[in-house]
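Descriptive analysis of the structure
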Amino acid sequence: MTVHFKQDKPEQSNRLDGMKQGVLGKGVSRLEGLAKVTGTAPYAAEYPVEGCAEGVLVTSTITRGEVVGLDKDAVLAMPGVLAVIDDSRLTTRPAQGTANEAPKQGPKTISYWGQPIALVVAETFEQARDAAKHLTVKYREEEGAPVDPQAVETEEKDGTVRQGDLAHAMAEAAHSVDVTFTTRGHASAAMEPHAAIAEWDGDKLTVHASLQMLNYNISELADALGVEEDDVRLISRFVGGGFGSKLGISEEVVAAAIAAKDLARPVRVVMSRQQVFQCIMRRSETTQRLRLAADEDGKLTGFGHHAVVSNLPGEVFAEPVLQSSHFLYSGENRELMLEVARIHRMTAGSVRAPGEAVGMPALEGAMDVLAEKVGIDPVELRLKNIPEQDPEEGLPFSSNKLAECLKQGAEAFGWDSGPRKPRQHQDGEWWVGTGMASAARAHSISEARAKVTLKSDGTALVETDMTDIGTGTYTILAQIAGEMLGLEPNKVLVELGDTRHPRGSGSGGSWGAASTGSAVYVACKAIREDLAARVGVEETALELSQGKTSAGKSLIDLLGGEDIAREGHYEPGDIKDDYTAAGFGAFFAQVRVNRYTGETRVDRMLGAFGFGRVLNHKTARSQCLGGITWSIGVALTEALEFDPRDGHLVNCDLAEYHVPVNRDVPELDVLMVEERDAAASPIQAKGIGELGMCGGAAAIANAIYNASGARIFDYPMTPDHVLKAMPD
Amino acid sequence: MSDTISINGTQHSLPDDPRRSLLDFVRQDLGLTGTKKGCDHGQCGACTVIVNGIRINSCLTLAVMHDGDEVTTIEGLGTPEAPSELQKAFVAHDGFQCGYCTPGQICSATAMLQEIANNWPSDASESLEGEMNVTGEEIRERMSGNLCRCGAYANIVAAIRDVAEESA
Ligand code: FES
Ligand code: FES
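Note that the coordinates shown come from a computational prediction; the quantities given were computed from them, not determined experimentally. (Residues numbered from 1 in each chain as written. Chains lettered and ligands numbered in written order. Predicted model: local features only at pLDDT ≥ 70, side-chain atom pairs only at ≥ 80, totals over all residues. Heavy atoms only, no water.)

Re the overall build of chain B
Quick note on the threshold: For the purposes of this entry, the term helix denotes a DSSP run of H or I that reaches at least four residues, the term strand denotes a run of E that reaches at least two, and both are numbered from the N terminus. Our radius of gyration looks at C-alpha atoms and nothing else; its globule reference is 2.2 Å times the residue count to the power 0.38. The cut-offs for exposure are 20% and 50% of the maximum accessible area for each residue type, with area from a 1.4 Å probe on protein chains only; residues under the lower value are buried, those over the upper are exposed, and the others partly exposed. It only takes one pair of heavy atoms within 4.5 Å for two residues to be counted as in contact. Here the accessible surface of atoms and residues is derived via Shrake-Rupley with a 1.4 Å probe, and residues count as covered only by protein chains that are part of the display. Note that His is not counted, nor are the chain ends; the positive residues are Lys and Arg, and the negative ones are Asp and Glu. Where a charge lies is defined by one atom per residue type: Lys uses NZ, Arg uses CZ, Asp uses CG and Glu uses CD.
Broken down by element type, chain B carries six helices and five strands. Its C-alpha atoms give chain B a radius of gyration of 16 Å, near enough to 15 Å, the size a compact globule of 168 residues would have. A principal-axis box enclosing the C-alpha atoms of chain B has dimensions of 45 × 35 × 30 Å. For chain B, buried positions account for 59% of its 168 residues. In chain B, 54% of the contacts between residues at least 6 apart in sequence involve partners at least 24 apart. When the accessible surface of chain B is split by element, carbon and sulfur atoms take 47% of a total near 6,600 Å². Here chain B carries 11 positive and 24 negative side-chain charges, and the mean point of each set is 8 Å from the other.

Some words on the environment of B:Ile160
All names here are of chain B. Looking at the element boundaries, isoleucine 160 is found in helix α6 (residues 153-167). Put simply, isoleucine 160 and glycine 136 are 24 residues apart on the chain and 9.2 Å apart in space, counted from C-alpha to C-alpha. Excluding anything up to four places from it in sequence, isoleucine 160 contacts Leu86, Phe90, Ala109, Met112, Leu113, Ile139 and Met143.

Describing the side chain of A:Arg441
Residue and element names in this part refer to chain A. What counts is decided by this rule: Here a polar contact means two N or O atoms within 3.5 Å. Within protein one must be a hydrogen donor candidate and the other an acceptor candidate, and residues neighboring in sequence count only if both atoms are side-chain atoms.
Structurally, arginine 441 can be placed in strand β19 (residues 430-442). Judged by its relative accessible area of 7%, arginine 441 falls in the buried class. Here the side chain of arginine 441 touches glutamate 356 through a polar contact of 2.5 Å, side chain to side chain.

Details of the domain arrangement of chain B
Residue and element names in this part refer to chain B. The condition that has to hold: For every domain, the bounds stem from an assignment made automatically or drawn from a database. Defined in terms of a 1.4 Å probe, buried area is the accessible area two parts forfeit on being brought together, summed over both. Each salt bridge in this description consists of a side-chain nitrogen of Lys or Arg and a carboxyl oxygen of Asp or Glu lying within 4 Å of one another.
According to the domain assignment, chain B contains domain 1 (4-76) and domain 2 (85-167). Computed from C-alpha atoms alone, the centre-to-centre distance between domain 1 and domain 2 is 21 Å. Taken together, the contact pairs 17 residues of domain 1 with 17 residues of domain 2. Summed over both sides, the interface between domain 1 and domain 2 buries roughly 1,300 Å², with carbon and sulfur atoms accounting for 58% of that surface. On the domain 1 side of the contact with domain 2, Lys36, Arg55 and Ile74 bury the most area, a combined 46% of that side's loss. Counting across the domain 1 and domain 2 interface gives one salt bridge. Taking the shortest distance from any N to any O, the salt bridge between glutamate 115 and arginine 55 comes out at 2.9 Å. Where domain 1 meets domain 2, there are seven residue pairs in polar contact (both at pLDDT 80 or more). Sorting elements by how many residues they give to the side of domain 1 that touches domain 2 places strand β3 (residues 48-51) first, with three residues.

Notes on the interface of chain B and chain A
Contacts between the two partners involve 54 residues from chain B and, on the opposite side, 59 residues from chain A. For the pair chain B and chain A, the two sides together bury roughly 4,500 Å², of which 53% comes from carbon and sulfur. On the chain B side of the interface with chain A, the three residues burying the most area are B:Gln97, B:Arg149 and B:Tyr153, jointly 19% of the side's total. There are 10 salt bridges connecting chain B and chain A. Across the salt bridge formed by A:Glu46 and B:Arg27, the nearest N and O atoms sit 2.8 Å from each other. Here chain B is connected to chain A by 29 residue pairs in polar contact (both at pLDDT 80 or more).

Focus on the sheet that holds strand β7 (residues 137-141) of chain A
All names here are of chain A. Operational definition: Paired strands, as defined in this entry, are two strands with at least two bridges between them according to DSSP.
Overall, antiparallel pairing links the three strands, which are arranged β5-β3-β7 in an open sheet. Two strands bound the open sheet, and with one partner strand each, they are β5 (109-110) and β7. Two elements, strand β3 (residues 65-70) and β7, share five bridges in a ladder whose sense is antiparallel. Within β7, the residue paired with glycine 69 across the bridge is lysine 138.

Observations concerning helix α1 (residues 22-29) of chain B
Since the α-helix advances by 3.6 residues per turn, residues separated by three or four positions end up pointing in the same direction. α1(B) sits mainly inside the fold: six of its eight residues count as buried. Regarding α1(B), the residues found buried are B:Leu22, B:Leu23, B:Asp24, B:Phe25, B:Val26 and B:Arg27. The secondary structure elements touched by the buried residues of α1(B) are α4 (125-134) of chain A together with β1 (4-7), β2 (10-13), β3 and β4 (54-57) of chain B.

Let's talk about the domain arrangement of chain A
All names here are of chain A. To keep it simple, the criterion reads: Basically, the charged four are Asp, Glu, Lys and Arg, the nonpolar ten are Ala, Val, Leu, Ile, Met, Phe, Trp, Tyr, Cys and Pro, and anything else, Gly included, counts as polar.
What the domain assignment reports for chain A is domain 1 (2-41 + 445-573), domain 2 (44-144 + 188-279) and domain 3 (355-442 + 581-725). The C-alpha-based centres of domain 1 and domain 2 are spaced at 36 Å. Opposite the 20 residues of domain 1 that make contact, domain 2 presents 20 residues. Between domain 1 and domain 2 we count two salt bridges in total. For the salt bridge of arginine 237 with aspartate 498, the shortest nitrogen-to-oxygen distance reads 3.7 Å. Our count for the domain 1 to domain 2 interface comes out at nine residue pairs in polar contact (both at pLDDT 80 or more). Partitioned by chemical class, the residues of the side of domain 1 that touches domain 2 number five nonpolar, eight polar and seven charged.

So, the pattern of salt bridges
Where side chains of opposite charge bring their charged atoms close, a pairing between them can arise. Counted under the stated rule, the structure contains 63 salt bridges over all chains. Ionic contacts of the salt-bridge type, sharing partners, join the residues A:Arg663, B:Asp123, B:Glu137, B:Arg140 and B:Glu141 into one network.

Looking at the state of the cysteines
How we decide: Sulfur atoms of two cysteines make up a disulfide when they are within 2.5 Å.
What the rule picks out here adds up to zero disulfides over all chains. In this structure A:Cys52 is not part of a disulfide, and its nearest cysteine sulfur, from A:Cys279, lies 20 Å away.

As for the environment of A:Arg420
Residues and elements named next belong to chain A. Relative to the assigned elements, arginine 420 resides in the loop between α11 (402-413) and β18 (425-427). Of the residues examined, arginine 420 reaches a relative accessible area of 26% and is grouped as partly exposed. Each C-alpha atom of the pair arginine 420 and alanine 437 lies 15 Å from the other, and the pair is 17 residues apart in sequence. Excluding anything up to four places from it in sequence, arginine 420 contacts Asp377, Pro378, Trp415, Thr434, Gly435 and Asn706. Of note is the side chain of arginine 420, whose polar atom sits 2.6 Å from the backbone oxygen of threonine 434.

Some points on the packing of aromatic side chains
Put simply, the rule reads: Ring geometry is summarised as follows: Phe, Tyr and Trp rings, the Trp one being its six-membered ring, pair when their centres sit within 6.5 Å, and such pairs are stacked at plane angles under 30 degrees, edge-to-face over 60 and tilted between the two. Here, a charge over a ring is recorded when the distance from Lys NZ or Arg CZ to the ring centre is within 6 Å and its angle to the ring normal is within 35 degrees.
Applying the stated criterion to the full structure yields 15 aromatic pairs over all chains. Ring centres of A:Phe181 and A:Tyr715 lie 6.1 Å apart, and the angle between their planes is 20°; this geometry places the pair in the stacked category. Residue A:Phe181 is located in strand β10 (residues 175-183), and its partner A:Tyr715 is located in the loop between α17 (696-708) and α18 (719-725); the two are separated by 534 residues in the primary sequence. There is no split in this pair, since A:Phe181 and A:Tyr715 are both buried. Aromatic ring contacts, followed pair by pair, group A:Tyr43, A:Phe238, A:Tyr474 and B:Tyr100 into a single cluster. Across from the ring centre of A:Phe413, 3.8 Å away, lies the NZ or CZ of A:Arg604, which sits over that ring. Seen from the ring of A:Trp630, B:Arg149 lies directly overhead, with NZ or CZ sitting 3.6 Å from the centre.

Next comes the structure, spelled out in structure tokens:
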């Protein structure tokens, strides 16, 4: 039985806080934790499959053109080689998040360096790898493919805002800032490489893959193969990190499925680390002009944010740099515009916190410049400019905890709100200083389904094709069900990552917990109604804890040997249009900058965040820690380097693309500013997977300036940039 | 005995294909998939195992080079029923998210604590000689060969410290 709930209004009844189990929000350790720490949790490539052949992708070494010949015979003669697959259904780019249809197909046509063009299958991995390396490919190259985003005309994206007269406001302003920031490309670099094992049973296909959104991926895969969705089963029980890179179906999944069908035996394809870098997603580089006009006191009168990003021809995705700039600060004269340069570098797509991950560091860097010009404390400048309502749409905020985060964060960090001047503190050869920035990330929520069964033995089962990509889904869904049904979380078995289960929301855009969590909530509410009828009370009066009613009747007795199963179907209704919803926060950082080498080290960092109800204190905190860690990467080390001649990604491995390592990350403090956001979701939660990296890089950048006097407008702030910008 | 390798106390014969890395040998041939492949190039630490007491990247070494060696993988350190102290501490401190780097982190940390106990210095040590202490900075330095893209470092350090202090 399916129970549908469409949310048109804020959920003020606050039912979850009235429940008696008292487990929601608690820092329950991950239920799948022991499986992960003992190495017994199986990831995509690790399912034992009898007679599995091994596939290795072959990728293009030209930028644009056609494959006119593959010397298949030569490699087919190599030991163990079973097939060279260049089926026209092979996908050549990953699907974008929520695409719901096949991405670009046809491996003969090449539109970027590193694009998959064939799959070599052999008995063993070593044989396949060797053969793939020896496959001779003949190309007809189409010279002159543009690869430099600066050198091409740009297209304007829909959504430009022009309100009032920004130019006039800038001219009249007591204080104004007009600066241009650049950010470089980023890679998700999830630790588990993309992998798939495909197996056919007649016309039925099963694929173990590493994917974030099975509810979309199943149609993307079926569409790519030209088969019915009903004939496809996707399994992703454990995903070794996603960060956007596994939102859409990726090339190895389709290749494995085609090869397995051709060879009539299971085929595994695991991308090499280099392939993951070169043919999955990049975050676009950006160039961003910020214009801020303020009155004598620092109140914004004008706000301009203009960004240029890039992508391949034909890709709809454009890094949504301005997402939070639309509503974060006031200023009646506004101009916001996003443009896309079409170039032949690998696909640009979602990398953790698309948009704000790079938009906020630029905006918050500009705010620091403004605070200095106005001569006020940067925290004060933000506090002065928090709008009452969305300054463009005129919509109310579902909730806005920016002020609380700024104030509580400043206090916990020990922020000095006195006059600020660079180069006030020295420690040996290091300049030491502090910086801060706001955090903001637009809230998303989606339709989701989950089935909950209250079993006759007094335990519960939650089933959905939702994934846990490290975010804590297994645990928080058990907590929600446990809270509603009066059970300890370890009495709730959560089954995820299998398309045999009802369609969840998938993990992406920080929407998984609130969306799928709401589906579980809706299902549990319906189960409670059934139970209440058996007890003879209103559902609202039913109190359940530790498997019993408040009158001491056990669930097992109430169930009388029967299960109660309900599928919850949650759908966001008018709440999506009636409010501007976002997570807000503040970052504070202390850094040291070496006066001779320009090296920056982060001494300590604090993030304060308001993101609705905290579902699990421990896993939510971990999401924040992860986000702050990524902020350090954005600020100091992460940059994709492209060859200016052919646009190929040069630093395509973990030695050359510098993600933060343990010693780059100091002790971090996280402050969760609890709130209930009734208009965000029925469980009053928003997402926290991304907020922690939306602005944090600017706190570090601003601290670099405060420490050393080096004002830098290009991320990442590597030692060469710092030295160049540092005054003598 | 020749041409054998001990994995978690069990003897196995070495693979025929000399190209097979120790990592692929344990994962593919023995089905011990707790050891992870993150890069296959010695850049991430996900494949860390302990060979004759020393932690190494198993992707950077060929299985046939380990005739007579004793290898411990994550499966040899503990099981869900009987986890090691570090494994328990990683769960309690949430020293992971996706869990993919985790077996490598735990193998690495297990051997790393022994390195400190042996007074081997690191870049973070005050001096090259004398007694080494388990400080936060020592742990951060010595664990920097194990990448965690989920960014669980702060909790990884807390988990390791916890175990080091308990056993001190
Ligand atoms: S897989 Fe061996 S170091 Fe990355
Ligand atoms: S837990 Fe995901 S990479 Fe470390």
